[in-house]
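Breakdown of the fold
If you want the building blocks of each chain, they are given just below.
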Amino acid sequence: TMTVINCRYTKIGTQVTFSAYIAWGNQAAGGAGALYLGGLPYSINNNSTYGAISFGWYNTVGGFSANEHLVGYYNNNSTNIVLLRQAIGSSGGRSYSTLPHSAIVGSSGTFGISGTYIANS
């Protein structure tokens, strides 16, 4: 369970802009699968798929290697953001993988996130 400490959004027409501060602490083991950030105020239009989101900062102490970064994208026709980790290899190549729940098990962290997307209505 992640807790949204503070979240604000503005909607003009179908364009939604949001920013939030997310926190979690010492999550117990159990469960499986990838992590999603849910609860955006409006469903994301299919045209926003793979739209950019921005992390103002993140502080994660578990489940990441030194060369991995937290990234994400909008999940079309939903209210979710899919969380990923980006690895930058020594050869300069990049790879992306879903962020597993194990990345936050037994650890705590915070992040600031913001973005703009087109809503269904």
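Here is a short report on the structure shown in this document. (Residues numbered from 1 in each chain as written. Predicted model: local features only at pLDDT ≥ 70, side-chain atom pairs only at ≥ 80, totals over all residues. Heavy atoms only, no water.)

Turning to the overall build of the chain, a few remarks are in order. Scanning the chain from terminus to terminus reveals 0 helices and 8 strands. Listing each helix as α and each strand as β along the chain from the N terminus yields β-β-β-β-β-β-β-β. Looking at the 121 residues of the chain, the share that counts as buried comes to 34%. When contacts within the chain are restricted to residue pairs at least 6 apart in sequence, long-range pairs at least 24 apart make up 65% of them. About 6,600 Å² of surface is accessible on the chain, with carbon and sulfur atoms providing 48% of the total. (Helix = DSSP H or I, 4+ residues; strand = E, 2+ residues; numbered from the N terminus. Buried < 20%, exposed > 50% of the residue type's maximum accessible area, 1.4 Å probe, protein only. Contact = heavy atoms within 4.5 Å. Areas by Shrake-Rupley, 256 points an atom, 1.4 Å probe, with all protein chains shown as cover.)

Turning to the side chain of Thr110, a few remarks are in order. Structurally, the position occupied by Thr110 is in strand S8 (residues 109–118). The residues contacting Thr110, other than those within four sequence positions of it, are Tyr21, Ile22, Ala23, Trp24, Trp57, Tyr58 and Asn59.

What follows deals with the packing of aromatic side chains. To describe a pair of aromatic rings, you give the distance between the ring centres and the angle between the ring planes. What the rule picks out here adds up to 5 aromatic pairs. Measuring from centroid to centroid gives 5.9 Å for Tyr9 and Tyr42, while their planes differ by 80 degrees, and the two rings are edge-to-face. Of this pair, Tyr9 sits in strand S1 (residues 3–12) while Tyr42 sits in the loop between strand S3 (36–37) and strand S4 (53–60); the two residues are 33 residues apart in sequence, bridging distant segments of the chain. According to the relative accessible area criterion, Tyr9 is partly exposed, its value standing at 44%. Grouping aromatic residues by their ring pairs yields a cluster made of Phe18, Tyr74 and Tyr117. (Phe/Tyr/Trp six-rings, centres within 6.5 Å; stacked < 30°, edge-to-face > 60°.)

We now examine the side chain of Asn45. Within the secondary structure layout, Asn45 lies in the loop between S3 and S4. Taking relative accessible area as the criterion, Asn45 reaches 18% and is therefore assigned buried. Of the polar contacts made by the side chain of Asn45, one reaches the side chain of Asn120; its length is 3.4 Å. Apart from residues no more than four positions distant in its own chain, Asn45 is found in contact with Asn77, Ile118, Ala119 and Asn120. (Polar contact = N/O pair within 3.5 Å; in protein donor to acceptor, adjacent residues only side chain to side chain.)

This paragraph deals with the nonpolar core. Tyr74, Ile81, Phe111, Ile113 and Tyr117 are the most contacted members of the largest nonpolar core, which has 22 residues in total. Looking at this core, the elements with two or more residues in it are strand S2 (15–24), S4, strand S5 (68–74), strand S6 (81–88) and S8. Ranked by the residues each element gives to this core, the list is headed by S2, at 5 residues. (Core = buried A, V, L, I, M, F, W, Y, C linked by side-chain atoms within 4.5 Å.)

Looking now at the pairing of S5. Counting buried positions over the 7 residues of S5 gives 5, a clear majority of the element. Alignment of S5 against S6, held across 7 bridges, turns out to be antiparallel. In the sheet register, Tyr74 faces S6, and the bridge partner there is Ile81. Taken together, S5 and the strand that follows it, S6, pair antiparallel across an intervening segment of 6 residues, in which Asn77 is found at a positive phi of about 55 degrees. (Pairing = 2+ DSSP bridges.)

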